[in-house]
Amino acid sequence: MEEIIKKILENRGIKEKEEFFSPEISHLTDPFAIPYMKEGCDLLRKVIEKKEKVFLYADGDVDGIFSIYFIIKVLQKTGTDFLFYITHRLDSYEIEENIIPYLKKENISLFISVDCGISSVNFLKEVKKEGIKVIVIDHHIFNPAFLPEGNIYINPKLYNCLPEIKFLSSTALVQKFTKGLSYSIPVEIEENIELVAIATIADNCPRIGENRKIVKMGHEKIFSTEIKGLKILIDELNIGEKNLIKDLKMKLIPKLNSPGRFGKPEIILDLLLSEK
């Protein structure tokens, strides 16, 4: 039986049985395996060290809110000055150029978009002209030929990446981004794999490669999460271990998405950040 299982896994391109059945954080790919991840981390590190100001822009669904949560936690710990905006259903999907005067007024040095921005070509062109540095962390499909040069685009779908990481959620990419940042600045990074797993399920990312490991690890961590707001919501919604994936899709994820439909996605971010 052992040899049969081994052969099946080999046929699926899985070399390590332990990584398949009992994945650990250490089994995940290094952040810098993703093109331009290191460049993005180096840029944010320099901005933090120079005490410059950052603007975060996120999509208002689960994947976007969880993504911005990871970066906000790092910026708070490093004492970095930042502003943020989370989109909602009443907004245009694209980042509009009319935000640029506001960015200039606020002396923004670095603009980071998460789970959106990859197709906002006009904005990306114009903001670069104003000398504002840009990092786009997004997992949506787009033709890289149309992207203006000079910005940093962290998106495995733009490049010839390992199949293992090709279909990561934006939250997974941002979690790797913060981990890569921790290699060069003294900040403790929270893995929060349960958030990455929920975002992976919410965005219907294929449960193959690294996504499978993320969901498996998140399944084991979700009921012991240290994020108080998430823990309360899980308890209130009676999320059960027996039908966890179904409960996440039918109960938790719709609840997390609902404030954004009414123009208030920041409610969920506040819930995650709250220590009360």
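About the criteria used
- Residues numbered from 1 in each chain as written.
- Predicted model: local features only at pLDDT ≥ 70, side-chain atom pairs only at ≥ 80, totals over all residues.
- Heavy atoms only, no water.
- Salt bridge = Lys/Arg side-chain N within 4 Å of Asp/Glu carboxyl O.
- Helix = DSSP H or I, 4+ residues; strand = E, 2+ residues; numbered from the N terminus.
- Buried < 20%, exposed > 50% of the residue type's maximum accessible area, 1.4 Å probe, protein only.
- Core = buried A, V, L, I, M, F, W, Y, C linked by side-chain atoms within 4.5 Å.
- Contact = heavy atoms within 4.5 Å.
- Right-handed = clockwise from strand over helix to strand, strands pointing away.
- Pairing = 2+ DSSP bridges.
- Phe/Tyr/Trp six-rings, centres within 6.5 Å; stacked < 30°, edge-to-face > 60°.

Q: What is the right way to look at the pattern of salt bridges in this model?
A: Oppositely charged side chains may form a pair once their charged atoms are brought near each other. Throughout the structure, instances matching the rule amount to 15 salt bridges. Measuring nitrogen to oxygen at the nearest pair gives 3.8 Å for the salt bridge that ties aspartate 235 to lysine 231. Highlighted residues: aspartate 235 and lysine 231, both in helix H10 (residues 228–236), separated by four residues, approximately one helical turn. We classify lysine 231 as partly exposed; its relative accessible area is 29%. A single network of salt bridges, built from pairs that share partners, joins Lys53, Lys105 and Glu106.

Q: In this structure, what is going on with the nonpolar core? I would like to understand it.
A: Across soluble globular proteins, you tend to see nonpolar side chains buried next to one another. Among the nonpolar cores identified, the biggest contains 66 residues, and Ile112, Ile137 and Leu252 are the most heavily contacted of them. A per-element tally of this core places helix H4 (residues 62–77) first, with ten residues. In contact with isoleucine 112, other than residues within four places in its own chain, are Leu44, Val54, Phe55, Leu56, Tyr57, Ile71, Ile135 and Ile137. In this structure, Tyr57, Cys116, Ile132 and Val134 belong to the second largest nonpolar core, which totals 19 residues.

Q: I keep staring at the pairing of strand S4 (residues 133–137) and nothing clicks. Help me out?
A: Where a strand is regular, its side chains alternate between the two sheet faces. Among the five residues in S4, four count as buried, and that is most of the element. For the crossover from strand S3 (residues 108–114) across helix H6 (residues 121–129) to S4, the handedness is right-handed. The sheet contact formed by S4 and strand S5 (residues 152–154) spans three bridges and is parallel. Note that in S5 the partner of isoleucine 135 across the bridge is isoleucine 152.

Q: Just checking my understanding: could you explain the pairing of strand S1 (residues 53–58) for this structure?
A: In terms of residue burial, S1 counts as a mostly covered element, since six of its six residues are buried. Burial of the side chains of S1 extends over both faces: Lys53, Phe55 and Tyr57 are buried on one face and Val54, Leu56 and Ala58 on the other. For S1 and S3, the ladder comprises six bridges, and the chain directions are parallel. Each residue of the ladder has a partner; that of alanine 58, found in S3, is valine 114. Pairing analysis gives five bridges linking S1 to strand S2 (residues 82–86), with the strands arranged parallel. Of the residues in S2, the one forming a bridge with tyrosine 57 is tyrosine 85. Between S1 and its parallel partner S2, the chain crosses via H4, and the hand of that crossover is right-handed.

Q: Would you take a moment to explain the packing of aromatic side chains for this structure?
A: Scanning all chains against the criterion turns up nine aromatic pairs. Residues phenylalanine 55 and phenylalanine 111 carry aromatic rings whose centres are separated by 5.7 Å and whose planes lie at 5° to one another, so their mutual orientation is stacked. Of this pair, phenylalanine 55 sits in strand S1 while phenylalanine 111 sits in strand S3; the two residues are 56 residues apart in sequence, bridging distant segments of the chain. Neither residue differs from the other here; phenylalanine 55 and phenylalanine 111 are each classed as buried. Seen from their ring centres, tyrosine 69 and phenylalanine 70 are 5.9 Å apart, and the 75° between their planes marks the pair as edge-to-face. We classify phenylalanine 70 as buried; its relative accessible area is 4%. Three or more aromatic residues joined by ring pairs make a cluster, and in this case those are Phe55, Tyr57, Tyr85, Tyr102, Phe111 and Phe123.

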